[in-house]
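Each chain, letter by letter, is given below.
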Amino acid sequence: MRLFFLTLVIIAFAGCSGVQQDVAHLQQEQDALRDAIKKIKVVSGANVKGHPQYTSLGPTQGYCINQQNLSGGQAIHGDGLRAAAYRKYGDQVDAIVNTRVWFVPDDTGEAFEPYTEGGYFECAGTAVHFTGETTPTTPTNPPASSS
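Residues numbered from 1 in each chain as written. Predicted model: local features only at pLDDT ≥ 70, side-chain atom pairs only at ≥ 80, totals over all residues. Heavy atoms only, no water.

### Regarding the state of the cysteines
- Under the defined criterion, the tally for this structure stands at 1 disulfide.
- The partner cysteine of Cys64 in its disulfide is Cys123, sulfur to sulfur 2.0 Å. Disulfide Cys64 to Cys123: torsion about the S-S bond roughly 110°, handedness right-handed. Of this pair, Cys64 sits in strand β2 (residues 54–65) while Cys123 sits in strand β4 (residues 119–130), placing them 59 residues apart in sequence.
- Take Cys64: its relative accessible area is 31%, and that puts it in the partly exposed class. (Disulfide = S-S within 2.5 Å. Helix = DSSP H or I, 4+ residues; strand = E, 2+ residues; numbered from the N terminus. Buried < 20%, exposed > 50% of the residue type's maximum accessible area, 1.4 Å probe, protein only.)

### Focus: helix α2 (residues 81–89)
- Taken together, the buried positions of α2 are occupied by Leu81, Ala83, Ala84, Ala85 and Tyr89.
- Gly90 lies just past α2 and shows a positive phi near 70°.

### What to know about the nonpolar core
- Listed in full, the 11 residues of the largest apolar core are Leu33, Ile37, Ile40, Leu81, Ala83, Ala85, Tyr89, Val93, Ile96, Cys123 and Ala127.
- Of all the secondary-structure elements, those providing two or more residues to this core are α1 (2–37), α2 and β4.
- In terms of residue count, the dominant contributor to this core is α2 (4 residues).
- Grouped together as the second largest cluster of nonpolar side chains are 6 residues, Val43, Val48, Ala95 and Val97 included. (Core = buried A, V, L, I, M, F, W, Y, C linked by side-chain atoms within 4.5 Å.)

### Structural notes on the pattern of salt bridges
- Under the defined criterion, the tally for this structure stands at 3 salt bridges.
- With a closest N to O distance of 3.4 Å, Lys39 and Asp94 form a salt bridge. Of this pair, Lys39 sits in the loop between α1 and β1 (41–42) while Asp94 sits in the loop between α2 and β3 (95–105), and the two are 55 residues apart along the sequence. (Salt bridge = Lys/Arg side-chain N within 4 Å of Asp/Glu carboxyl O.)

And the structure:
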């Protein structure tokens, strides 16, 4: 009987260490995702400053504002726009262009004004990868004239 309980205790401790490893691995993945999406630019139009040429990767969608006072205290689960693009297209994503935003009301009814009703905002756009040369973001000064 002691051997049986000892075996159960060993299995229980082994299971706990596995959970701790899973949590640590998940935290590492989240940290890597956060670092990777920092570089992704988001613009409302088709032009990305300093990057006139790009290749379209495809559509992407995610939430864009997740504030409890706007979502009726609900937690919005899912990816933000940058994270959704990164998960779908990987490290090819340099920017998201032609973005649009809309309000999603909660289940209590239609929202007439987004900031006065419960709900959250979703965003969508097109993920792109920069190609070609970048253009300087600051104007260069012309050479001084000799007068």
